[in-house]
Amino acid sequence: MLSKFQVGGIYVRLFLKDPKFPLRNPKRFLEGLLDQYVSSVAATHYEAIATDPELPLLLSAALVSLLRVHPALADHVGYLGYVPKLVAAMAYEGRRETMASGQATSGSQAEPSEHDNSAHSEATVQTPQERVRLSCLRVLHQLASSTTCAEAMAATSAGTPQVFDCFIDFFFKLLLLL
């Protein structure tokens, strides 16, 4: 299904193979990607809605590629008002991950044995929520090059402590993997 996924009349997988291909209307494609991305991230919040967990990752890759090829479009994202939505989505995923890890640690308190490698293997496997949060982080990182978007990120107060916690947790996990 994802191989034939279209946004604004453009096949996303084909765009990812050649992001420098001249688009007829890059703003329209950007708006479609943002709309689909925010919708797919919101759909991952609810397990009752059947959605492909790879869709947010595909859309975020297309967004990052489009913004790398057309950096001036980042200002357009700031004017459209998507930055607070992306920050809020990342904060929500961070709160959700924190609550899930809190429930897991408050459960059984069995100590791992010396030969048990399951704790190490669980630390290296990313959950779907972590992957969505990471995709939000990639998009926000790419948007940070725009002054308009950076100001919008700074002005966004929704979930600010959770977003910083997400950044810290993410970089701490990266250090553990290295």
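Residues numbered from 1 in each chain as written. Predicted model: local features only at pLDDT ≥ 70, side-chain atom pairs only at ≥ 80, totals over all residues. Heavy atoms only, no water.

Engineer: Report on the overall build of the chain, specifying residues and quantitative values.
Structural biologist: Across its full length, the chain carries nine helices and two strands. Reading the helices (α) and strands (β) of the chain from amino to carboxyl end gives β-β-α-α-α-α-α-α-α-α-α. The proportion of buried residues among the 178 residues of the chain is 38%. Restricting to contacts in the chain with at least 6 residues of sequence separation, those with at least 24 account for 80%. (Helix = DSSP H or I, 4+ residues; strand = E, 2+ residues; numbered from the N terminus. Buried < 20%, exposed > 50% of the residue type's maximum accessible area, 1.4 Å probe, protein only. Contact = heavy atoms within 4.5 Å.)

Engineer: Run through the side chain of Ser60, naming residues and quoting values.
Structural biologist: Tracing the backbone through its elements, the reader meets Ser60 in helix α3 (residues 55-69). Of note is the side chain of Ser60, whose polar atom sits 3.0 Å from the backbone oxygen of Leu57. When residues no more than four places from it in sequence are discounted, the contact partners of Ser60 are Tyr37, Ser135 and Val139. (Polar contact = N/O pair within 3.5 Å; in protein donor to acceptor, adjacent residues only side chain to side chain.)

Engineer: Residue-level account of the packing of helix α2 (residues 26-44) against helix α4 (residues 73-80), with values.
Structural biologist: Look at α2 against α4: their axes get within 11 Å of each other, and the N-to-C directions meet at 50°. Considering their axes alone, α2 and α4 lie oblique with respect to each other. In this structure, the crossing between α2 and α4 has a hand that is right-handed. Judged by residue contacts, Pro26, Lys27, Leu30, Glu31 and Leu34 of α2 engage Leu73, His76, Val77 and Leu80 from α4. Of the residues that constitute the contact of α2 with α4, the class distribution is six nonpolar, one polar and two charged. (Axes fitted to C-alpha atoms, helices over the stretch in contact; angles between N-to-C directions. Parallel < 35°, antiparallel > 145°, perpendicular 65-115°, else oblique. Left-handed = near helix turned anticlockwise from the far one by under 90°. Nonpolar A, V, L, I, M, F, W, Y, C, P; charged D, E, K, R; others polar.)

Engineer: Outline the packing of α4 against helix α8 (residues 147-155), supporting the account with residue identities and numerical values.
Structural biologist: To characterise two packed helices, one gives the angle between the axes of the helices and the distance between these axes. The N-to-C vectors of α4 and α8 enclose an angle of 35°; their axes lie 7 Å apart at closest approach. Mapping the contact onto sequence places Ala74, Asp75, Val77, Gly78 and Tyr79 in α4 and Thr147, Thr148 and Cys149 in α8. For the contact of α4 with α8, the residue count by class is four nonpolar, three polar and one charged.

Read these as spatial facts, not as claims about activity.
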